[in-house]
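This is what each chain is made of:
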Amino acid sequence: VSLNSNRNSNANTNTNTNTNASNNDDMLTSHNENSIVPTLLMTTMERRSAMKTAMSSSLSIVAAFTAASPAFGVTQEEVASFTITTAPTPTSITNTNTLPTATKIPSWTLPGNVRMPVMALNTAGLTLVETERALTLSVKNGITHVDFHPGRERDGVAKFLERQDVTRVGPPRSELFLTTKINMASKGTSPADAKDMVRDQIEEDLSILNVKFVDMLMLRDHPDAKVLQSQWSALEDALAKGQTRSIGVINFCQFSLNSVLATAKVTPAVNYYLTHVGMGLDPRGLRSFGEAKGIRTFAYGALGEPGPNKELLQNPIVNKIAKEHGVSPEAVAVRWILQSGAAVSVRPTVEFGLGSAACLPKTEENKNKQTRSKCDQGLAERAASFQWELTTAEMSELSGLTSPNDNPTLFSSAGCPDAFGPKDYMKYIQSLGS
């Protein structure tokens with residue numbers, strides 16, 4: 001656990017920070033940044049070196065964190081789960097296999113030398129307190145990329161960052177990857193007003209988060225090409241000013257991508273859209289269309305959306321493969337996306353629906369004596385996706401499934417085919433911010 005919580009490091013120093021982060025990645029895990037099949041084997045010396053660096057703290061820090069935790073909605077059990085102790089010297093370690101180590105998540109290198117972890121916590125539908133709890137557990141399990149909406153989820157991330165400043169426990173700001181979204185402009189909004197809305201939201205989000213920049217800003221789809229172009233130019237301005245380190249898009253079909261690319265100075269780094277087993281490797285041609293233009297695929301909905309898809313999770317092929325690997329059907333669904341070469345934003349559990357989700361502490365979840373909450377267990381399993389892989393035959397089987405074949409831009413505007421519906425979509429977005 002790092003004690004450095006310098007949250008407001010200048011965005012212009014990203015090159016040096018990313019170089020150092022890359023070196024640390026090489027120490028902990030060997031992988032090609034464009035491959036999602038890392039080698040998670042550490043030598044004894046590497047493990048000792050990592051533990052000497054990562055576990056350095058003091059009992060006074062632990063005491064401060066414990067004392068402050070009630071004010072931030074974190075249970076004492078969750079405090080204890082960090083297992084923060086005074087670091088042993090390398091020579092005092094006798095059994096390195098028993099030391100608690102989080103999974104190291106591989107990263108992509110985006111334009112500007114920005115390192116983006118290929119797995120993110122998806123906080124959609126969580127409350128403020130649950131978002132903070134989920135992010136705490138994610139970091140513990142090695143997932144340092146958080147994908148959140150403005151509103152209560154953003155406020156939960158802000159609470160997490162505030163707690164870090166008070167306790168000095170947890171990863172420094174430079175090791176977190178903050179991804180957030182620009183709210184959709186209402187129908188009839190002029191391009192100029194839509195651009196002002198983007199600028200105002202960025203200022204508000206940075207102020208509430210108490211950071212100088214986020215790592216990724218993503219623009220929502222809109223049926224008006226002029227509005228999309230105007231808003232994209234605002235994101236380009238934010239990138240130039242150092243308010244964000246990268247920019248991407250959400251639920252963009254071919255029409256939306258062409259609209260932005262017609263006037264863009266900066267190509268979107270990613271397109272964030274629904275992808276899961278049953279939709280194939282190139283749903284509706286969207287992946288090949290975007291990737292041919294240098295836009296990478298950042299997938300959500302590995303388990304289905306807007307709720308868990310029973311057909312997917314009960315599919316006999318998915319369950320056969322899960323049994324063979326000793327994992328859950330959810331783990332197979334997530335692994336398939338990663339092994340296809342996409343990044344993925346993961347739900348902590350299967351307890352989610354339209355505008356709602358859960359990350360409850362163990363004591364509220366049930367009365368049994370399980371050692372971890374469902375949220376903690378789910379995030380640990382998601383992170384463990386990098387510790388095993390599907391065979392070529394299994395990938396082929398899963399990629400060949402043609403159902404459930406959902407629309408990748410389901411949550412887009414009326415500008416894209418077969419959209420969720422503008423009125424229902426706006427209700428959904430409003431529910432996330434309440």
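Placed above this text is the structure.
What counts and what doesn't
Residues numbered from 1 in each chain as written. Predicted model: local features only at pLDDT ≥ 70, side-chain atom pairs only at ≥ 80, totals over all residues. Heavy atoms only, no water. Buried < 20%, exposed > 50% of the residue type's maximum accessible area, 1.4 Å probe, protein only. Helix = DSSP H or I, 4+ residues; strand = E, 2+ residues; numbered from the N terminus. Pairing = 2+ DSSP bridges. Right-handed = clockwise from strand over helix to strand, strands pointing away. Contact = heavy atoms within 4.5 Å. Phe/Tyr/Trp six-rings, centres within 6.5 Å; stacked < 30°, edge-to-face > 60°. Polar contact = N/O pair within 3.5 Å; in protein donor to acceptor, adjacent residues only side chain to side chain. Axes fitted to C-alpha atoms, helices over the stretch in contact; angles between N-to-C directions. Disulfide = S-S within 2.5 Å.

## A word on the pairing of strand β6 (residues 216-220)
Each regular strand carries side chains that alternate between the two faces of the sheet.
Here comes step 1: Burial of β6 is extensive: five of the five residues sit out of reach of the surface.
Here comes step 2: Of the two faces of β6, the one holding M216, M218 and R220 and the one holding L217 and L219 are both buried throughout.
Here comes step 3: As paired strands, strand β5 (residues 177-182) and β6 are joined by four bridges and run parallel to one another. By the bridge assignment for β6, I182 is matched with L219.
Here comes step 4: With helix α7 (residues 191-209) bridging β5 and its parallel neighbour β6, the resulting β-α-β unit is right-handed.
Here comes step 5: Relative to strand β7 (residues 247-250), β6 runs parallel, the two sharing four bridges.

## Quick notes on the environment of V260
Here comes step 1: The residue V260 is located in helix α9 (residues 254-261) in this model.
Here comes step 2: Taking the C-alpha atoms as reference points, V260 and D221, separated by 39 residues in sequence, lie 10.0 Å from one another.
Here comes step 3: Apart from the residues within four sequence positions on either side, V260 is in contact with L228, W232, F252 and P268.

## Thoughts on the packing of aromatic side chains
Here comes step 1: For the coordinates displayed, the defined rule picks out three aromatic pairs.
Here comes step 2: The interplanar angle of 65 degrees and the centroid separation of 4.9 Å between the aromatic rings of Y272 and F298 together place this pair among those described as edge-to-face. Here Y272 is found in strand β8 (residues 270-274), whereas its partner F298 is found in strand β9 (residues 296-300), with 26 residues between them in sequence.
Here comes step 3: F298 sits in the buried class, given a relative accessible area of 0%.
Here comes step 4: Between the aromatic rings of Y300 and F411, the centroid separation amounts to 6.5 Å while the plane-to-plane angle is 35 degrees, which identifies the pairing as tilted.

## Some words on the side chain of H149
Here comes step 1: Tracing the sequence through the fold places H149 in the loop between β4 (145-148) and α6 (152-167).
Here comes step 2: Relative accessible area serves as the criterion here: at 7%, H149 is assigned to the buried category.
Here comes step 3: Within the structure, H149 has its side chain in polar contact with the side chain of R220 (distance 3.4 Å).

## Side note on the sheet that holds β6
Here comes step 1: An order of β3-β4-β5-β6-β7-β8-β9-β10 is seen for the eight strands of this closed barrel, with the pairing classed as parallel. Sheet twist, expressed as the mean angle between neighbouring strand axes with direction ignored, is 25 degrees.
Here comes step 2: On the sheet, helix α13 (residues 329-339) packs against β3 (119-122), β9 and β10 (343-346) and is oriented at approximately 155 degrees with respect to β10.

## Focus: the state of the cysteines
Here comes step 1: A full pass over the atoms with the stated rule returns two disulfides.
Here comes step 2: At a sulfur-sulfur separation of 2.0 Å, the disulfide partner of C253 is C416. Taking the sign of the torsion about the S-S bond as the criterion, the disulfide between C253 and C416, at about -80 degrees, is left-handed. A residue pair is termed long-range when its members are at least 10 positions apart, and C253 in the loop between β7 and α9 and C416 in the loop between α16 (392-399) and α17 (422-433) qualify at 163 residues.
Here comes step 3: The exposure class of C253 is buried, given its relative accessible area of 5%.
Here comes step 4: Relative accessible area serves as the criterion here: at 4%, C416 is assigned to the buried category.

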